[in-house]
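Commentary on secondary and tertiary structure
Chain by chain, the residues run as shown.
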Amino acid sequence: IYKVFITNFSISIGHFFNLDEQSDLTSCQDSTIMHISTASQLCDYLQYKSYSLKSDLIINSINYHDIFQNFKKKYSYIIAAGGVVLNEKDEVLMIFKNNIWDLPKGKKDVLESDYNAAIREINEETNVRVSSCVDGPFSSYHMYSCLREKTQKNMILKETKWFLMYTNSQED
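The following refers to the structure shown. The structure displayed is predicted, hence computed values, not measured ones. (Residues numbered from 1 in each chain as written. Predicted model: local features only at pLDDT ≥ 70, side-chain atom pairs only at ≥ 80, totals over all residues. Heavy atoms only, no water.)

Examined against the element boundaries, threonine 151 turns out to sit in the loop between β10 (130–145) and β11 (155–167). Once residues within four sequence positions are removed from consideration, threonine 151 is found in contact with Gln47 and Tyr51. (Helix = DSSP H or I, 4+ residues; strand = E, 2+ residues; numbered from the N terminus. Contact = heavy atoms within 4.5 Å.)

Structure representation (structure tokens):
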């Protein structure tokens, strides 16, 4: 299953065996369920909605992997890396950026590994040194536009590779 976040809602792309295959569009617990067969159909739907979803969207298809891979090709695609960094008390390292709390992350440099990018970004954004990495990477996907007009050519699909890490740093 792939999950792409757009503002306050998400698009889940997968093959969900428990959904009714007979209906083309159904409502299920505040989500819209669609049975589509191509990435182009998904892009057309998002364009029609001006990339402003009013509920979570569930794309149910046996070909979900192909749909997602083709979906990625239709947008500017960037890869970032970051970490869920815990200290000895299992407190999570957070940053306050652009008026929201977030995890430290940033764009990968050319030829940089996911792991090295995560380490670099965590250090650049927080001045915290990671002492160990215990899991990862796992990915999250977000779509956004840096422009006011939300069209397919203006939308960016960002994949962030996350690592679970520890630091010995503590605030005194």
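Formed by 24 residues in total, the largest nonpolar core has its most connected members in Ile11, Leu46, Leu57, Phe71, Tyr75 and Met143. Those elements that place two or more of their residues in this core are β1 (2–6), β2 (9–14), α1 (39–48), β5 (56–60), α2 (64–73), β10 and β11. The element that contributes the greatest number of residues to this core is α1, accounting for 5 residues. The contact partners of methionine 143, leaving out residues within four places of it in the chain, are Val4, Phe5, Ile6, Tyr51, Phe71, Tyr75, Met155, Ile156 and Leu157. In terms of nonpolar packing, the next biggest core, distinct from the first, is built from 9 residues, Leu93, Ala117, Val128 and Phe163 among them. (Core = buried A, V, L, I, M, F, W, Y, C linked by side-chain atoms within 4.5 Å. Buried < 20%, exposed > 50% of the residue type's maximum accessible area, 1.4 Å probe, protein only.)

Glycine aside, negative phi is the norm for most residues, and most peptide bonds take the trans geometry. Put simply, glycine 136 and proline 137 share a cis peptide bond, and its omega is 0 degrees. When you line up the elements, proline 137 lands in strand β10. Within the chain, threonine 7 stands out as a residue other than glycine whose phi angle is a positive 45 degrees. For threonine 7, a relative accessible area of 56% puts it in the exposed group.

Here we take up the pattern of salt bridges. Note that side chains of opposite charge can pair when their charged atoms are close. For the structure on display, the rule yields 9 salt bridges. In this structure, the salt-bridge partner of arginine 120 is aspartate 109, at a minimum N-O distance of 3.5 Å. Of this pair, arginine 120 sits in helix α3 (residues 114–126) while aspartate 109 sits in the loop between β9 (105–107) and α3, and the two are 11 residues apart along the sequence. Between glutamate 159 and lysine 161 there is a salt bridge whose closest N-O contact spans 3.5 Å. Taken together, the salt bridges that share partners define one network made up of Asp109, Glu112, Arg120, Glu121 and Glu124. (Salt bridge = Lys/Arg side-chain N within 4 Å of Asp/Glu carboxyl O.)

With 13 residues, α3 should reach 18 Å at 1.5 Å per residue; the first-to-last C-alpha distance of 18 Å fits that figure. Among all positions in α3, only Asp114, Ala117, Ala118, Arg120, Glu121 and Ile122 are buried. If you follow the buried residues of α3, they end up packed against β6 (76–86), β9, β10 and β11. Directly beyond the C-terminal end of α3, a positive phi value near 65 degrees is found at asparagine 127. (Expected span 1.5 Å × (residues − 1).)

Below, the discussion takes up the environment of threonine 38. If you trace the backbone, threonine 38 turns up in the loop between β4 (31–34) and α1. When the C-alpha positions of threonine 38 and serine 61 are compared, they lie 9.2 Å apart, and in sequence the two are 23 residues distant. Reaching out from threonine 38, the side chain makes a polar contact with the backbone nitrogen of glutamine 41 at a distance of 3.1 Å. (Polar contact = N/O pair within 3.5 Å; in protein donor to acceptor, adjacent residues only side chain to side chain.)

A word on a nonpolar patch on the surface. Taken together, the side chains of Val92, Met94, Phe96 and Trp101 make up a nonpolar region of the molecular surface, amounting to roughly 430 Å² of accessible area. Looking at the element boundaries, valine 92 is found in the loop between β6 and β7 (95–97). (Patch = residues over 30% accessible without salt bridge, like charges linked within 9 Å, V, L, I, M, F, W, Y side chains within 5 Å. Areas by Shrake-Rupley, 256 points an atom, 1.4 Å probe, with all protein chains shown as cover.)

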